[in-house]
Amino acid sequence: MFLTITTTGTPDRPATDLGYLLHKHPDSAQQFSTSYGTAHVFYPEADARRCTAALLLEVDAVALVRRGKGKGRGGAPDAALAQYVNDRPYAASSLLAVAIGNVFSSAVRGVCRALPEAPARPRPLRVEVPALPARGGPGLVRRLFEPLGWTVTAEPVALDSAFPEWGDSRYVALVLESDALTLAQALRHLYVLLPVLDDAKHYWVTSEEVDKLLRAGEGWLPGHPEQQLITTRYLSRRWALTRQAMERLELVRLAETDDSEVEEIDNAVEEETETEERPTPLAVRRREAILDALKRSGAARVLDLGCGQGQLTQALLKDPSFTEIVGVDVSMRALTIASRRLKLDRMGERQASRVRLLHGSLAYTDNRLKGYDAAVLSEVIEHLDLPRLPALEYAVFGAARPRTVLVTTPNVEYNVRWETLPAGHRRHGDHRFEWTREEFRTWAHRIAGLHGYEVGFTPVGPDDPEVGPPTQMAEFTLVAKEAKAA
Ligand code: SAH
């Protein structure tokens, strides 16, 4: 198994810095024994202008088989091992990725004591893997590496060059080139994507692999267009682990995108306040409408789902008829602000026992949310991409199943009444959709039918005879306790 990494230098930054970055001196060939065989690191070329490091892994088939015993599913030796014993010894694979992790561990972490500034600097890089097992072929290789800033050349390798009519093997010859990446980024891409392309792990995948994937994927995996495929294959199609990883990636993505979002939400509320004809700001009217509906339902234990900065949570806390209040949000930043608003750290024991803030995504079922009287989704659904909405619907109406669910969302028809809002614009940059009254009703009736709820509608804010109210609210009440999702 073989790969090379080449960089070029400038007069003040010689290419041989690569030796420092990899913590391997360009003048000597070095060997490292790993549990699968011996890794060799050497430099076929090393001068100030151009420097190439090569990693060659000699697999010890006997050690591998011995190690593999009892490690496969159900205790049987892993069938995936067979190929490493029979296959071309120079093919790159998950073993090569493990070797990268072992032999270049400091470089993967982006640590260099000799040149502390160097790891953070992008540099010209060329990575060559002459025989890369690639299930999915050159097309998939490009889909995986191109979004990361690589120029990709992936040529299928013929099964046998003497017999072209035999067609291509499952290998590609891969060349990656970029000027925009750091060495650490490059190594992390390889560490994750080589085994993904190989699609056959030589070891039994455990939940530790989720941590490894997220660590190596930091900064590039969340939001990668092939995130799902990468995660599924990296975790050898173990669905529970894949789900765990996808959930954590989603949290990262949302936490990353939300930073600006929180401020925008505040601005949006202010904007609504300014453009409101009546003296009471819309956000306040919304909270009043929600509190009213909760009181009518007789709820004592309430979930504030997508609680944001905690304004509703705070209002609930002021009313002693609510004995337990749980705010949930995916944004750590919003939760931090909410906890400051509520003064959670200075609260007396009695108050503190009534309220909790939980970090979590509503797109996943969460056992912590079961058994409550009521749940509020105030101005939350429109922040989810439409394809993600069914996941939230199931998590709330199918799994958590509170007796009452209140959902508020903008009524898009009302937008024409806002003079400051340009025609066709949404009220908030992060709104993925805004519905008409008809669209909201259709959605609500479908969800109610599917999960055994009844639903009624309340306008919030001035109910314009033509375009309706600015905010629409649906009140769901559970009718059939055991109603099943179809
Ligand atoms: N309920 C508050 C905040 C609405 S803004 C109010 O009425 O003022 C929407 C909130 O939903 C944001 O705080 C956002 O972080 C949160 N949110 C968006 N997607 C989410 C998800 N998948 N899981 C949990 N919270 C989410």
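Refer to the structure above for everything that follows.
The following paragraphs examine the structure supplied in this document. (Residues numbered from 1 in each chain as written. Predicted model: local features only at pLDDT ≥ 70, side-chain atom pairs only at ≥ 80, totals over all residues. Heavy atoms only, no water.)

**Comments concerning the overall build of the protein chain**
The following threshold applies: Counting from the N terminus, the helices are the DSSP runs of H or I reaching at least four residues and the strands are the DSSP runs of E reaching at least two. Buried residues are those whose accessible area, probed at 1.4 Å on protein chains only, stays under 20% of the maximum for their type, while exposed residues exceed 50% and partly exposed ones sit between those limits. In this description, contact between two residues means that some pair of their heavy atoms is separated by no more than 4.5 Å.
When helices and strands are counted, the protein chain shows 16 helices and 14 strands. Every one of the 486 residues in the protein chain was classed for burial, and the buried ones make up 50%. Long-range contacts, defined here as pairs at least 24 residues apart, represent 72% of the contacts in the protein chain between residues at least 6 apart.

**Examining the pattern of salt bridges**
Should their charged atoms come close, side chains of opposite charge can pair. The condition is simple: What makes a salt bridge here is a side-chain nitrogen of Lys or Arg within 4 Å of a carboxyl oxygen of Asp or Glu, nothing more.
In this structure the tally under the stated criterion is 19 salt bridges. Two residues, R437 and E413, come together in a salt bridge whose shortest N-O distance is 2.8 Å. Taken as a pair, R437 in helix α16 (residues 437-451) and E413 in the loop between β12 (404-410) and α16 lie far apart in primary sequence, 24 residues in all. Residue E413 is classed as partly exposed on the basis of its relative accessible area of 24%. Taken together, the shared-partner salt bridges connect R126, E128 and E177 into one network.

**Focus: the sheet that holds strand β14 (residues 471-478)**
Threshold: For two strands to be treated as a pair, DSSP must find no fewer than two bridges joining them. All axes here are fitted lines through C-alpha atoms, helices being fitted over the stretch that makes contact, and every angle between N-to-C directions spans 0 to 180 degrees.
Ordered by their spatial adjacency, 7 strands build an open sheet running β10-β9-β8-β11-β12-β14-β13, and the pairing between neighbours is mixed. Of all the strands in the sheet, the pair left with one neighbour each is β10 (355-359) and β13 (453-460). Across the sheet, the mean angle separating the axes of adjacent strands is 15 degrees when strand polarity is ignored. Pairing of β12 with β14 involves 7 bridges; the strand directions are antiparallel. If you follow P410 over to β14, its bridge partner there is T471. Along the sheet, helix α15 (residues 389-400) makes contact with β8 (301-305), β11 (374-378), β12, β13 and β14, crossing β12 at roughly 150 degrees.

**Points about the side chain of D464**
The cut-off we apply is this: Polar contacts, as counted here, are pairs of nitrogen or oxygen atoms within 3.5 Å of one another; within protein the pair requires one atom able to donate a hydrogen and one able to accept it, and residues that are adjacent in sequence qualify only if both atoms are side-chain atoms.
Take D464: it is sitting in the loop between β13 and β14. Residue D464 is classed as buried on the basis of its relative accessible area of 16%. Among the polar contacts made by the side chain of D464, one reaches the main-chain amide nitrogen of V467 at a distance of 3.0 Å. When near neighbours in sequence (up to four residues on either side) are disregarded, D464 contacts Y414, R417 and P469.

**Considering the site of the ligand**
Basically, it comes down to this: One heavy atom suffices: a residue is near a molecule or strand as soon as one of its heavy atoms comes within 4 Å of it. Nonpolar residues are Ala, Val, Leu, Ile, Met, Phe, Trp, Tyr, Cys and Pro. Charged residues are Asp, Glu, Lys and Arg, and all others, Gly as well, are polar.
The environment of the ligand is made up of 16 residues, and the closest members are G306, G308, D329, L362 and S378. Between an oxygen atom of the ligand and a side-chain N or O atom of D329, the distance comes to 2.6 Å. Among the residues forming the shell around the ligand, the class breakdown is 6 nonpolar, 7 polar and 3 charged.

**Some words on the environment of V380**
Its place among the elements puts V380 in the loop between β11 and α15. Between the C-alpha atoms of V380 and D329, which are 51 residues apart in sequence, the distance is 9.9 Å.

**Topic: the packing of helix α7 (residues 183-198) against helix α9 (residues 227-234)**
To be explicit about the condition: Oblique is the label for any angle not under 35 degrees, not over 145, and not in the 65 to 115 range, which are roughly parallel, roughly antiparallel and roughly perpendicular in turn.
Running from N to C, α7 and α9 point in directions that differ by 75 degrees, and their axes come no closer than 9 Å. Classified by the angle between their axes, α7 and α9 sit roughly perpendicular to one another. Seen from α7, the contacting residues are Y191, V192, L193, P195, V196 and L197; seen from α9, they are L229, I230, R233 and Y234.

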